[in-house]
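Architecture at a glance
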Amino acid sequence: MAEIILNVDVRDGVGTGGARAARRAGFVPGVLYGGEQAPVAISVNEKDFRKSLYTGKLLGHLVTLKYGEETQPVIAKDIQFDPVSDRPLHFDLMRVDAKAPLKIEVPVHFLNADEAPFSRQGGSLEVVRHAVEILVRADQIPEELVVDLTKAEIGDTIRISDIKLPKGAEATITDRDFVIATIKISSAALSEAADEAADAAVAETAPVEKTED
C-alpha cells in the first residue's frame, strides 16, 4: 500500500454549507468518486492533511484512504487552495485498483544542466512539456520522469523515447516520438555573438593610420 494514509470522516452535509461547516471545525472537505459507487462527501483533519500535502507525495500519487477499519487505495486528483492564505479548501479523491493501469500526468525533472556541454557553449534549455501523461499501474506511479542532461549539447532534442518509464508504463500519446525539450543557443549568447561580429566588421572597415618614416 501507499505511504500516506488519510483518515477520513463521512460528511452528512453536502454543498457549500456543509463544506464551510467542515472548515470551521478544522477539517478539509472533499469528495470520493470513481468506480461503480456513488460519490461520497468526506473530510480530513486539516493538520493531518497539511502534513500529507507537504510530503509532496499526495497529489497524483497512490495513497490509502482509511474510514474506521476499512481501507482502500485512492488517487488524489485535485486540491483547491485559498488564493490569499494558501489554505487547502477542498480535495478530490478517485477510487482505483492498485494493480490496474490508469492515466495520470507525471512531472518531468531535468538533472545536471549546469554540468552539461550546452551550458559551457552558451546554450539554454527550452522545455516543451513540463509533465507527461502516462498509462501506468496505480501502485507504480513514479514521482517524476527524469531527464539527465549531462551530455546534452546545443542542437539536441529530448524526446519521450529518451525517458525511462516504469516497467509496463507507456505514454498516452503513441502516434509519435514527441518532444520534451530542446537545447538552443541562448539569447544572451546570440546577442554577444552579434556584438562580436559587429565589432569585427567595424575593425575591418576602419582606415589604417599611416606612420611617418
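Preceding this paragraph is the structure being described.
This text gives an overview of the structure that appears in the document.

Reading the values: rules and limits
- Residues numbered from 1 in each chain as written.
- Predicted model: local features only at pLDDT ≥ 70, side-chain atom pairs only at ≥ 80, totals over all residues.
- Heavy atoms only, no water.
- Helix = DSSP H or I, 4+ residues; strand = E, 2+ residues; numbered from the N terminus.
- Buried < 20%, exposed > 50% of the residue type's maximum accessible area, 1.4 Å probe, protein only.
- Polar contact = N/O pair within 3.5 Å; in protein donor to acceptor, adjacent residues only side chain to side chain.
- Contact = heavy atoms within 4.5 Å.
- Salt bridge = Lys/Arg side-chain N within 4 Å of Asp/Glu carboxyl O.
- Pairing = 2+ DSSP bridges.
- Axes fitted to C-alpha atoms, helices over the stretch in contact; angles between N-to-C directions.

Things to note about the side chain of H61
- On the secondary structure map, H61 appears in the loop between α2 (46-54) and β4 (62-67).
- Assessed through its relative accessible area of 12%, H61 is described here as buried.
- Of the polar contacts made by the side chain of H61, one reaches the backbone oxygen of L59; its length is 3.0 Å.
- Non-local contacts of H61, meaning those with residues more than four positions away in its chain, are made with G56, V74, I75, A76, P142 and E143.

Focus: the pattern of salt bridges
- Inspection of the entire model under this criterion finds 6 salt bridges.
- A salt bridge links E46 to R50, with the nearest nitrogen and oxygen atoms 3.2 Å apart. Of the two residues, E46 and R50 are both situated in helix α2; the distance of 4 residues between them amounts to about one turn of the helix.
- Judged by relative accessible area, which is 12%, E46 ranks as buried.
- Its relative accessible area of 23% is what places R50 among the partly exposed residues.

Some thoughts on the sheet that holds strand β11 (residues 157-159)
- Spatially, the 3 strands line up as an open sheet ordered β8-β13-β11, and their pairing is antiparallel. Both edges of this open sheet fall to β8 (123-127) and β11, since each of them pairs with a single strand only. For this sheet, the mean inter-axis angle between neighbouring strands, taken without regard to orientation, is 15°.
- With 3 bridges joining them, β11 and strand β13 (residues 179-185) adopt antiparallel strand pairing. Across the sheet, R159 pairs through a bridge with V179, a residue of β13.

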